[in-house]
Amino acid sequence: MQTTDIEREVKTFLINNYLFGKSEALADNASLLDNVIDSTGVLELVVFLQETFGITVEDEEVTPDNIESVNKVVAYVERKLAKRSAVKTGR
Amino acid sequence: MCGIAGMLRFDGGQPDAHRLEKMIATLHHRGPDAHGIHISGIAGLAHARLSIIDLNTGQQPMSTEDARLWITFNGEIFNYIELREELIAKGHRFLTRSDTEVILHAYREYGEDCVKHFNGQWAFAIWDSAEQKLFLSRDRAGVRPLFYTQSQNAFLFASEIKALMASADVSREFDPQGMDQVFTFWSPIPPRTAFKNIFQIPPAHSLTVKGRDLRLKEYWSPSYLHNGDLRHRNEHEAAEELLALLQDATRIRLRSDVPVGAYLSGGLDSTLTTALVRKVAGDRLRSFSIAFDDTEFDESPYQQEASSYIGTENSHVSCSHADIARVLPQVIQHTELPILRTAPVPMFLLSKLVNRSGFKVVLTGEGADEALGGYDIFKEAKIRRFWANHPDSKWRPLLLKRLYPYLSDFQRQSAASLKLFFKTTGDDLASPLFSHLPRWELTSRLKLLFSSDFRAQIGGFNALGELETSLPSEFHSWPHFSQGEHLEARYFLPGYLLSSQGDRMAMAHSVEGRYPFLDYRVVEFAAKLPVNLKMKVLNEKYLLKRASKNLVPPSILSRRKQPYRAPDSRSFFNGSSQSYVSDVLSPGSVKKAGVFDPRAVAAIVDKFRAGKASSVKDDMALIGVLSTQLLASQFTNQ
């Protein structure tokens, strides 16, 4: 999956799920934690990432380094996908 | 309990009796027993009566013998018997046995300071014909509502906004800044309301109107400056004193010429209130409860246990998802405010049961959580502050798991994600609003739903900033715990709990609520208690539990606190939804009302229809939009 595909999927989810469809309210580097996702909504993000990208989000991975902004979420998903394909190909 | 209304003409003319009749007719539910109007020069007073004390001679508007003072009064002065004796000793002569007449004589004796002598729940207006002055006042806690507005040639007041709107020249538009406050604090901050040019007298304030000159004055403010003054008292003594005060607060709240019942929720506060009523009144007691079909919210087993332990005859109303969807429009007609949760709805059904059972008065447990350390928000603030002292602590954030055991989504979160959202910054710590920032910031996210036009009307208004500047000057010297208590007692309690969930739901069916925990002697005593007697570590209402131990079943004393909640969005998208839901949420209706962006509303509605909405914010968004849309259709010129 290309970075742009992941980014598009993530953004669409964030906009529809947390921002009532308002795309203008989402900036690539803005803090999702301050303005987008709320404390009771983080589980939805975890479920979305798992279901959409087939990855497993470990509890300890729910950190600012991984979900603080759109860019960080995309980078996190890429790392997880890369790790998964490395395991599959036996590298 | 009653409804009041009136007007004062600025142009020297006489108020139109027909206009007053129209206003008071809208308050029939508050006072179905009798209506009265009196016009005296430029002032007109109107009254809708629910007869509770002095059934034969308590009619209103009432005057002094010399007809200099006229009053229209909603509420009760519970210490009227003692005040009456005091005033008789000073030479006053009474013609009735009513508390209304006591107010008139107290005003004559003490002037505007008379309110400082009252222990009760009131909203009244006195026309002083000699001074050509209208004096209005609202009780300390804000139990009884009192709204006002000014038209081109008159000042108008009433118990409810609909009575003001019955007067032809009163505007019917949302107030963008009042609405911004609703979508921050859950209610407007007085004197604002949700409507433009319509105001409310804040709790513990009086308003004097002379000509076009309006003067608002605070007459009471609980201070936590002496917090800990009762530290020298041992716990046992403090508990005894609290219980004695509550007992007396209950005793004077049983003064009534009609039978009095009690609300029984199954929690500590209402169980203790009911037990005290039983103890003071002695004989048979009727209690009333809400049962939910949805077991997540139901507390019936505790209610039954409390009822049989105390010895009451308990009746309950069952509330289903369908009931909530069915009566919401009627509820909004009474709240006169958007709501973000459906919790008022079952209270509406409960007062109907009380009314049908032949009762007009119930004692209830509100006020204990604010004054005696009951709320989870106080715990949350304590943990956040405790954690902020050692930000890298691995175990301190885990204390957050102790919060909200009834919110399954919250409990399912990992410690890592809890840390993300409750991590406290230095700026947060320095904010006087620290305790409430997470709640208010979460609610504020709903403002994303506002349309661009409505946001433009709100302009640069900053709800949190304005609140911060209006805090009492000594606020910063209070303990952190008490700062949170103040924010809760001053804003959320009167603005939402006592209003949308209290007076307005009870009076919808002519029922008067009385609140022993809101007796000002109890509130002042609690303000002087050391905070660790209110919440010991994370044990809420520590002293109250101790004071209650011989009156309340042990299972209720030891149960985890479960805040009163009702099913929210699941009531509206379960396959049997009411037709009005689609109507008011349609893009056309949303555009017409002008508050929300139709696209944003469609997005949230689609999310619910698809069964994908699950967060607290989604629930609040849906109920907030739905109630605002209902309000727009009922109250504005949309």
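Rules behind the numbers
Residues numbered from 1 in each chain as written. Chains lettered and ligands numbered in written order. Predicted model: local features only at pLDDT ≥ 70, side-chain atom pairs only at ≥ 80, totals over all residues. Helix = DSSP H or I, 4+ residues; strand = E, 2+ residues; numbered from the N terminus. Rg over C-alpha atoms; globule rule 2.2 N^0.38 Å. Buried ≥ 20, exposed ≤ 12 C-beta atoms within 10 Å, placed from the backbone. Core = buried A, V, L, I, M, F, W, Y, C linked by C-beta atoms within 7 Å. Contact = placed C-beta atoms within 7 Å. Nonpolar A, V, L, I, M, F, W, Y, C, P; charged D, E, K, R; others polar. Pairing = 2+ DSSP bridges. Axes fitted to C-alpha atoms, helices over the stretch in contact; angles between N-to-C directions. Expected span 1.5 Å × (residues − 1). Parallel < 35°, antiparallel > 145°, perpendicular 65-115°, else oblique. Left-handed = near helix turned anticlockwise from the far one by under 90°. Arc of directions from axis to C-beta. pLDDT = per-residue confidence, 0-100.

**Student:** Looking at this model, I keep getting lost on the overall build of chain B. Mind explaining?
**Tutor:** Looking only at helices and strands, chain B features 28 helices and 17 strands. By the compact-globule yardstick of 26 Å for 638 residues, chain B fits well, its C-alpha radius of gyration being 24 Å. Counting only C-alpha atoms, chain B reaches 75 × 60 × 45 Å along its principal axes. When burial is assessed residue by residue, chain B has 54% of its 638 residues classed as buried.

**Student:** When you look at the overall build of chain A in this model, what are you seeing that I'm missing?
**Tutor:** Secondary structure assignment for chain A yields 5 helices and 0 strands. The order of α-helices and β-strands along chain A, N terminus first, is α-α-α-α-α. The C-alpha atoms of chain A give a radius of gyration of 13 Å, which matches the 12 Å a tight globule of 91 residues would have. Viewed in the frame of its principal axes, chain A has a C-alpha envelope of about 40 × 25 × 20 Å. The proportion of buried residues among the 91 residues of chain A is 31%.

**Student:** Teacher, can you tell me more about the nonpolar core here?
**Tutor:** In a soluble, globular protein the nonpolar side chains are often hidden away together inside. Ranked by size, the top nonpolar core spans 210 residues in total, and within it Ala5(B), Phe124(B), Leu449(B) and Leu543(B) carry the most contacts. Counting residues in hydrophobic clusters, the runner-up holds 5 residues, among them Ile383(B), Trp387(B), Leu399(B) and Leu418(B).

**Student:** Would you mind going over the interface of chain B and chain A with me for this structure?
**Tutor:** A common measure of how large an interface is: the accessible area buried when the components associate. Counting residues at the interface gives 21 residues for chain B, matched by 19 residues for chain A. If you list the elements that add at least two residues to the side of chain B that touches chain A, you get helix H13 (408-411), helix H14 (415-422), helix H27 (598-609) and helix H28 (616-635) of chain B. By residue class, the composition of the side of chain B that touches chain A is 11 nonpolar, 5 polar and 5 charged.

**Student:** How should I be thinking about the sheet that holds strand S10 (residues 199-200) of chain B in this particular structure?
**Tutor:** Think of a sheet as strands paired side by side through backbone hydrogen bonds, with each pair either parallel or antiparallel. All names here are of chain B. The 6 strands lie next to each other as S2-S3-S1-S9-S8-S10, forming an open sheet whose pairing is antiparallel. Strands with a single pairing partner mark the edges of an open sheet, and in this sheet they are strand S2 (34-40) and S10. Two strands pair when backbone bridges link them, and strand S1 (residues 2-9) and strand S3 (residues 43-49) are joined in this way by 7 bridges, in the antiparallel orientation. By the bridge assignment for S3, Met-7 is matched with Gly-44.

**Student:** Is there a simple way to think about the sheet that holds strand S12 (residues 213-218) of chain B in this case?
**Tutor:** Residue and element names in this part refer to chain B. The 6 strands are arranged S4-S5-S6-S7-S11-S12 in an open sheet whose pairing can be described as antiparallel. Every other strand in the sheet has two partners, leaving strand S4 (62-63) and S12 as the edge strands with one partner each. Sheet topology places strand S11 (residues 205-210) next to S12; 6 bridges connect them, and they run antiparallel. The partner of Leu-207 across the bridge, within S12, is Leu-216. Across the sheet, helix H3 (residues 99-110) lies against S4, strand S5 (69-77) and strand S6 (120-128), angled at about 120° from S5, the strand it touches most.

**Student:** Help me out: how do you make sense of unusual backbone geometry in this one?
**Tutor:** Excluding glycine, residues mostly have negative phi values, and the peptide bonds linking residues are mostly trans. Residue and element names in this part refer to chain B. For the bond running from Gln-60 to Pro-61, omega is -5°, close enough to zero to count as cis. Within the secondary structure, Pro-61 sits in the loop between S3 and S4. A cis amide bond, omega 10°, links Pro-190 with the succeeding residue Pro-191. When you line up the elements, Pro-191 lands in the loop between helix H5 (176-185) and S10.

**Student:** Hey, could you run me through the pairing of strand S7 (residues 133-138) of chain B in this one?
**Tutor:** Put simply, side chains in a regular strand alternate between the two faces of the sheet. Residue and element names in this part refer to chain B. Taken across its 6 residues, S7 has 5 buried, putting it largely inside the fold. Of the strand pairs in this sheet, S7 and S11 are connected by 4 bridges, and their pairing is antiparallel. Along S11, the bridge assignment pairs Phe-135 with Thr-208.

**Student:** Please explain the packing of helix H19 (residues 480-497) of chain B against helix H20 (residues 499-507) of chain B as it appears in this structure.
**Tutor:** Any two packed helices are characterised by the angle at which their axes cross and by the distance between the axes. All names here are of chain B. Contact geometry of H19 with H20 gives a least axis separation of 5 Å together with a crossing angle of 35°. Residues Pro-494, Gly-495, Tyr-496 and Leu-497 of H19 touch H20, and the partners they reach there are Ser-499, Ser-500, Gln-501 and Gly-502. Residue composition of the contact of H19 with H20, grouped by class: 3 nonpolar, 5 polar and no charged.

**Student:** Looking at this structure, I do not really get the environment of Glu540(B). What am I missing?
**Tutor:** All names here are of chain B. Along the chain, Glu-540 turns up in the loop between helix H22 (531-534) and helix H23 (542-548). Residue Glu-540 is classed as buried on the basis of its C-beta count, with 20 C-beta atoms lying within 10 Å. Sequence spacing of Glu-540 and Phe-422 is 118 residues, and the spatial spacing of their C-alpha atoms is 21 Å. When near neighbours in sequence (up to four residues on either side) are disregarded, Glu-540 contacts Gly-373, Gly-374, Lys-379, Met-535 and Lys-561.

**Student:** Explanation requested: helix H12 (residues 376-388) of chain B in the structure shown.
**Tutor:** An α-helix turns once per 3.6 residues; consequently, residues spaced three or four apart project the same way. For H12(B), spanning 13 residues, the distance from its first C-alpha to its last is 18 Å, which sits close to the expected 18 Å at 1.5 Å a residue. All buried positions along H12(B) are accounted for by Phe378(B), Lys379(B), Glu380(B), Ala381(B), Lys382(B), Ile383(B), Arg384(B) and Trp387(B).

**Student:** What should I look at first to understand the environment of Glu237(B) in this one?
**Tutor:** All names here are of chain B. Of note, Glu-237 is situated in helix H6 (residues 235-252). Looking at Glu-237, the number of C-beta atoms within 10 Å reads 11, which means it is exposed. Separated by 310 residues in sequence, Glu-237 and Ala-547 place their C-alpha atoms 9.7 Å apart.

**Student:** Would you explain the packing of H6(B) against helix H21 (residues 520-528) of chain B in this entry?
**Tutor:** All names here are of chain B. Closest axis-to-axis distance for the H6/H21 pair is 9 Å, and the angle between their directions is 165°. Between H6 and H21, the interaxial angle falls into the category roughly antiparallel. At the point where H6 passes H21, the crossing takes the left-handed sense. Residues Glu-241, Leu-242, Leu-245, Leu-246 and Ala-249 of H6 form the contact with H21, whose participating residues are Arg-521, Val-522 and Phe-525. Looking at the contact of H6 with H21, its residues break down into 6 nonpolar, no polar and 2 charged.

**Student:** I would appreciate a short explanation of helix H8 (residues 300-310) of chain B in the present structure.
**Tutor:** Residue and element names in this part refer to chain B. Inspection of H8 places Tyr-302, Gln-303, Ala-306, Ser-307 and Ile-310 among the buried residues, and these make up the whole buried set. For H8, the angular spread of buried residues about the axis comes to 135°, placing them on one side. In H8, the exposed positions that point more than 90 degrees away from the buried face belong to Pro-301 and Ser-308. Buried residues along H8 sit in contact with helix H7 (268-281), strand S14 (286-292), strand S15 (313-319) and helix H24 (554-558). At the C-terminal side of H8, Gly-311 shows a positive phi close to 90°.

**Student:** Is there a simple way to explain the pairing of S15(B) in this structure?
**Tutor:** Two strands pair when backbone bridges link them, and S14(B) and S15(B) are joined in this way by 7 bridges, in the parallel orientation. Bridging across to S15(B), Ala291(B) finds its partner in Ser318(B).

**Student:** Can you help me understand the confidence of the model for chain A in this one?
**Tutor:** Detailed conclusions should not be drawn from predicted coordinates in areas where pLDDT is low. In this model, chain A carries a mean pLDDT of 85, and residues with pLDDT of at least 70 account for 93%. The secondary structure element of chain A with the lowest average pLDDT is helix H2 (residues 32-35) of chain A, at 79, and the one with the highest is helix H1 (residues 3-18) of chain A, at 91.

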